[in-house]
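# A look at the structure
Here's the letter readout for the chains.
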Amino acid sequence: MSVKNLPKAFPKTLIKTRKNNPILSSEITPESVYLDRRRFMAGLAGGALAAGLPGSAAALITNPAAEDPRKPDWLKQAVAARVDSNTSGEVGQPTPYSDATRYNNFYEFGTGKGDPAEYSGAFKTDPWKVVVDGEVARGGSFTLEDILKPHPLEEHICRFRCVEAWSMVVPWVGFSLADLIKRFEPTSKAKYVAFETLYDPKQMPGQASRFSGIQWPYVEGLRLDEAMNPLALMVVGMYGRSLPNQNGAPLRLMLPWKYGYKSIKSIVRITLTEKQPPTTWNLLAPREYGFYSNVNPNVDHPRWSQSRERRLPTSLFDPNWRDTEMFNGYGDEVAALYKGMDLQKYF
Ligand SMILES: Nc1nc2c(c(=O)[nH]1)N[C@H]1C(S)=C(S)[C@@H](COP(=O)(O)O)O[C@H]1N2
Ligand SMILES: [Mo]
């Protein structure tokens, strides 16, 4: 991103963690089984919601507790629905689990793509608290269980595009951000929602290092109407399991029409605000990263083109380039949010 050729922030000998992620590889559902199920699901009435699914089809929907050896209490419920988030075009085959969990950006654990998987193994996500404050009638401090309780979990298979011009397709497990926000009863002054990642340099070695130049904690924000869009997801799992630490456990955002850095990980605070809140990458390099950060092939990053992307997995011999779509292909769902706005100016 804006900082190039950084030294590896954390010599491997300094930090002892479990390798990779907390899920034992022997217990990972073989990817072929997962993809087969996806293919099966794709054969059902496309875009069907759980409410309308026949019993046999509903039974095929991923049950995180059954497949996750960690079996967190709050994931005991089965996923209630599979939602095709976009109506326009094919979403594509899910990226292999191994790529989605080993090629990460989570600077709290280091700036290298492999660092989050390598250094987040011991990260403590239970118990977890989320503070909700600002322009709300019902704020407070909530446990993760409080946050999740009323929300049926849904699986959303989304295209996900990083500003660095690579992309993935990930089956996320989560629930509507709008439904969560409504519970806190935003006041009439609330125009934006701000999010904050945990600040804990003892657990997050990247926060104790100055290599990244980031002012911790990582912060992000949305206009309230963007946050209320049905595509905005609060995510607690992926590939039918709880979220691995390197992907932002236990609670993260997923905003498939925006560059990846808007999808903030390991959230501990949600604040409704009257004014546009500061956002981490915009603070770091305001001419390179705007507040909106909608995927837009017509507005290049000052240092590289955004017209194409490499779809993971890629290799030297097959970089797997494809054209980047406006709003990452979700224009039917979100273009109305930006009607009349100059997207060259509000990038
Ligand atoms: N707290 C926090 N959230 C973050 C980041 C980060 O460094 N810290 N990186 C962002 C970027 S740049 C991307 S592309 C996505 C990557 O998500 P993934 O690792 O699950 O693919 O997380 C985003 N959320
Ligand atoms: Mo990113």
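Below is a short write-up of the structure. Not measured: the values here are computed from a predicted model.

Looking now at the pattern of salt bridges. Within this structure, the stated rule accounts for 10 salt bridges. In this structure, the salt-bridge partner of lysine 258 is glutamate 226, at a minimum N-O distance of 2.6 Å. Residue lysine 258 is found in the loop between β10 (252-254) and β11 (267-273), and its partner glutamate 226 is found in helix α8 (residues 224-227); the two are separated by 32 residues along the sequence. A residue is classified by how much of its surface remains accessible, and glutamate 226, at 0% relative accessible area, is buried. Glutamate 309 is the partner of arginine 311 in a salt bridge, and the nearest nitrogen-oxygen pair spans 3.6 Å. For arginine 311, a relative accessible area of 7% translates into the label buried.

Spatial ordering of the open sheet is given by β3-β2-β11-β6-β7, a layout of 5 strands whose pairing is mixed. Across the chains shown, the open sheet's two edge strands, defined by having one partner strand only, are β3 (140-143) and β7 (219-223). With strand direction ignored, the average angle separating the axes of adjacent strands in the sheet is 20°.

Surveying the vicinity of ligand 1 reveals 19 residues, the closest of which are Asn104, Tyr107, Glu108, Arg252 and Lys265. Take arginine 252: an N or O atom from its side chain is 2.6 Å from an oxygen atom of ligand 1. A distance of 2.9 Å separates a nitrogen atom of ligand 1 from a polar atom in the backbone of serine 263. Its free accessible area being 530 Å², ligand 1 has 99% of it covered by the protein chains.

So, how was this worked out
- Residue indices follow the written sequence of each chain, beginning from 1 at its first position.
- In the order they appear in the text, chains get letters beginning with A and ligands get numbers beginning with 1.
- Given that the model is predicted, a residue must reach a pLDDT of at least 70 before its local features are reported, and side-chain atom pairs must reach 80 or more before they are shown or counted; all residues, however, enter totals for whole chains, interfaces and linings.
- Think of the side-chain values as coming from all heavy atoms in the structure, minus any hydrogens and water.
- Salt bridges are defined as contacts in which a side-chain nitrogen from Lys or Arg sits within 4 Å of a carboxyl oxygen from Asp or Glu.
- Helix and strand definitions follow DSSP, with helices as H or I runs of at least four residues and strands as E runs of at least two, each counted in order from the N terminus.
- Buried residues are those whose accessible area, probed at 1.4 Å on protein chains only, stays under 20% of the maximum for their type, while exposed residues exceed 50% and partly exposed ones sit between those limits.
- Pairing between strands requires that DSSP locate at least two bridges from one strand to the other.
- Fitted lines through C-alpha atoms give the axes, limited to the stretch in contact for helices. The angle between two N-to-C directions lies from 0 to 180 degrees.
- What makes a residue near a molecule or strand is one non-hydrogen atom of that residue sitting within 4 Å of it.
- Under this definition, polar contacts are N or O atom pairs within 3.5 Å; protein pairs additionally need one hydrogen-donor-capable and one acceptor-capable atom, and for neighbouring residues in sequence, both atoms have to be side-chain atoms.
- Exposure was quantified through the Shrake-Rupley algorithm and a 1.4 Å probe, taking into account, for residues, occlusion by the shown protein chains and nothing else.

Everything listed here is a matter of coordinates, which is why it stays silent on function.
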